[in-house]
Amino acid sequence: MGTREIYMAGGGDPTVHPRFLDVVEHIRKAGMYCYVNTNFNLIEGPVLDRVLDVGLDELTVSVWAGSPEVYARTHPNKSEEQFQRLKRNLTELNRRKRGTPLVKVYHVVSSINCHEVDAMVDFVLETGSEWVEFTVVDTIPGATDAILFDEDQRKKLYHDSLKARERLARQGLDCVLYNYDQWLRRIGSPDSVTGNADKNIVHTFPCYIGWTFARVMPDGRITSCLKSHRIPIGNLHEQRFPEIWNGPHQKYFRRKTLVAEKRDPFFQLIGNDPGAACGCEKSCDDLGRNLATHRRLEEVQGWERPVLEAMARVLRQREAGVAR
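The model shown is predicted, which means the values in this text are computed figures rather than measured ones.

### Considerations on the overall build of the protein chain
Then, in step 1: Helix and strand counts for the protein chain stand at 12 helices and 8 strands.
Then, in step 2: Its C-alpha radius of gyration of 21 Å places the protein chain within 12% of the 20 Å reference for a compact globule of 324 residues.
Then, in step 3: When its C-alpha atoms are laid out on the principal axes, the protein chain stretches across 60 × 45 × 40 Å.
Then, in step 4: The contacts of the protein chain with a sequence gap of at least 6 include a subset with a gap of at least 24, amounting to 66%.
Then, in step 5: Counting every atom, the protein chain has about 17,000 Å² of accessible surface; 53% of that belongs to carbon and sulfur.
Then, in step 6: Each charge class in the protein chain can be summarised by its mean position, and for the 45 positive and 44 negative side chains these summaries are 5 Å apart.

Dropping the structure here:
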């Protein structure tokens, strides 16, 4: 089907699966780019050795802390010593790798760790990782909304983040800041205090994710975006993926979401908060993909549009013929 990338993430840690490295190896042999999102707790010893051998392209390491104390607070089932072990193993991987995997350290920021921006940045530099990315915690009402930062914390967090960028720029190291403008946009808005960090952007351009991405859940369910888990479009135990990808539920999702203003009641079904008028406002995990597609479409030359439209008509006619 022309798939270019596989991202192993979400719903648990991929490295828990006893054959996860066999899967990575299979993906790479199929010619696809492979990412793995992990807490890195199981990548050590022989597993670390094989990670270096299978050709994995990128690792996103979810840490959420710059110090052992805050790591233990943000991971109640982990200890301060496990933070130190993670740091040692990540440093060892980066020291031994031959170019890949590229490593991005990922921090979900809440009231628990919002004071650690500098320490989180230093962690990346000390381990020899390529990037650091920050995002605002996406809370569930009545369960985790207590860890949202307040307005005073937000202002300090924004100030600390600007200072961190200035410090890295002076050292010529600001290239380690991944997607940092989006981070500053999120925490620069008071909406982030109420958990609506993407309210100021999701209504400014259409959503294209229904054409560029799909998520396979552990139980075989397929969802159209990273936040549409309440409205799956099919299940791999019942249908082949091409049938789901081109099926009625996916087409319905595409029709509903290809809009700038996301005011339709359909958007109440997106995300973790059933009470949200538009779940995309809280945190759009597909924002980077959508922005990349939007920019690419804006770059399409005038003569390219009629060609693409003609190709689309042919494909629709062919699809209709197959359906008959």
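Still to come is the rest of the account.
### So, the environment of T91
Then, in step 1: With respect to the helices, strands and loops of the structure, T91 is situated in helix α4 (residues 80-96).
Then, in step 2: In the structure, T91 is positioned 29 residues away from S62 in sequence and 15 Å away in space, judged by C-alpha atoms.

### Here we look at the sheet that holds strand β3 (residues 58-62)
Then, in step 1: Read across the open sheet, the 5 strands follow the order β1-β2-β3-β4-β5; overall the sheet is parallel. Both edges of this open sheet fall to β1 (5-8) and β5 (131-136), since each of them pairs with a single strand only. Each adjacent strand pair in this sheet contributes to an overall mean axis angle of 20°, direction not counted.
Then, in step 2: Pairing between strand β4 (residues 102-109) and β5: 6 bridges, direction parallel.

### So, the nonpolar core
Then, in step 1: In this structure, L59, F134 and W183 are the most contacted members of the largest nonpolar core, which totals 48 residues.
Then, in step 2: The leading source of residues in this core is helix α5 (residues 117-127), at 5 residues.
Then, in step 3: With residues up to four places along the chain from it excluded, the contact list for W183 reads V109, F134, T135, V136, L157 and S161.

### Topic: empty space enclosed by the protein
Then, in step 1: Applying the stated criterion across every chain, the model contains 1 cavity of 30 Å³ or more.
Then, in step 2: Volume-wise, the largest cavity comes out at about 200 Å³.
Then, in step 3: Looking at the largest cavity, it is lined by 19 residues, and the ones nearest its centre are C207, K262, C280, C284 and N290.
Then, in step 4: Mapped onto the lining of the largest cavity, the elements with two or more residues apiece are α10 (248-257) and α11 (287-298).
Then, in step 5: Taken together, the residues of the lining of the largest cavity sort by class into 12 nonpolar, 3 polar and 4 charged.

### Things to note about the sheet that holds strand β7 (residues 221-223)
In any sheet, the strands associate via hydrogen bonds between backbone groups, in a parallel or an antiparallel arrangement.
Then, in step 1: Read across the sheet, 3 strands follow the order β6-β7-β8 without closing on themselves; strand pairing throughout is antiparallel. Because the sheet does not close on itself, it has two edges, and the strands there are β6 (215-216) and β8 (234-235).
Then, in step 2: Across 2 bridges, the pairing between β6 and β7 is antiparallel. Bridge pairing links V216 to I222 in β7.

Thresholds applied
Residues numbered from 1 in each chain as written. Predicted model: local features only at pLDDT ≥ 70, side-chain atom pairs only at ≥ 80, totals over all residues. Heavy atoms only, no water. Helix = DSSP H or I, 4+ residues; strand = E, 2+ residues; numbered from the N terminus. Rg over C-alpha atoms; globule rule 2.2 N^0.38 Å. Contact = heavy atoms within 4.5 Å. Areas by Shrake-Rupley, 256 points an atom, 1.4 Å probe, with all protein chains shown as cover. Lys, Arg positive; Asp, Glu negative; His and termini not counted. Charge placed at Lys NZ, Arg CZ, Asp CG, Glu CD. Pairing = 2+ DSSP bridges. Axes fitted to C-alpha atoms, helices over the stretch in contact; angles between N-to-C directions. Core = buried A, V, L, I, M, F, W, Y, C linked by side-chain atoms within 4.5 Å. Buried < 20%, exposed > 50% of the residue type's maximum accessible area, 1.4 Å probe, protein only. 1 Å grid on protein atoms, 1.4 Å probe; cavity = no way out; pocket = protein on both sides within 12 Å on 5 of 7 lines; lining within 4 Å. Points joined across faces, edges and corners; volume = space filled by probe spheres on them. Nonpolar A, V, L, I, M, F, W, Y, C, P; charged D, E, K, R; others polar.

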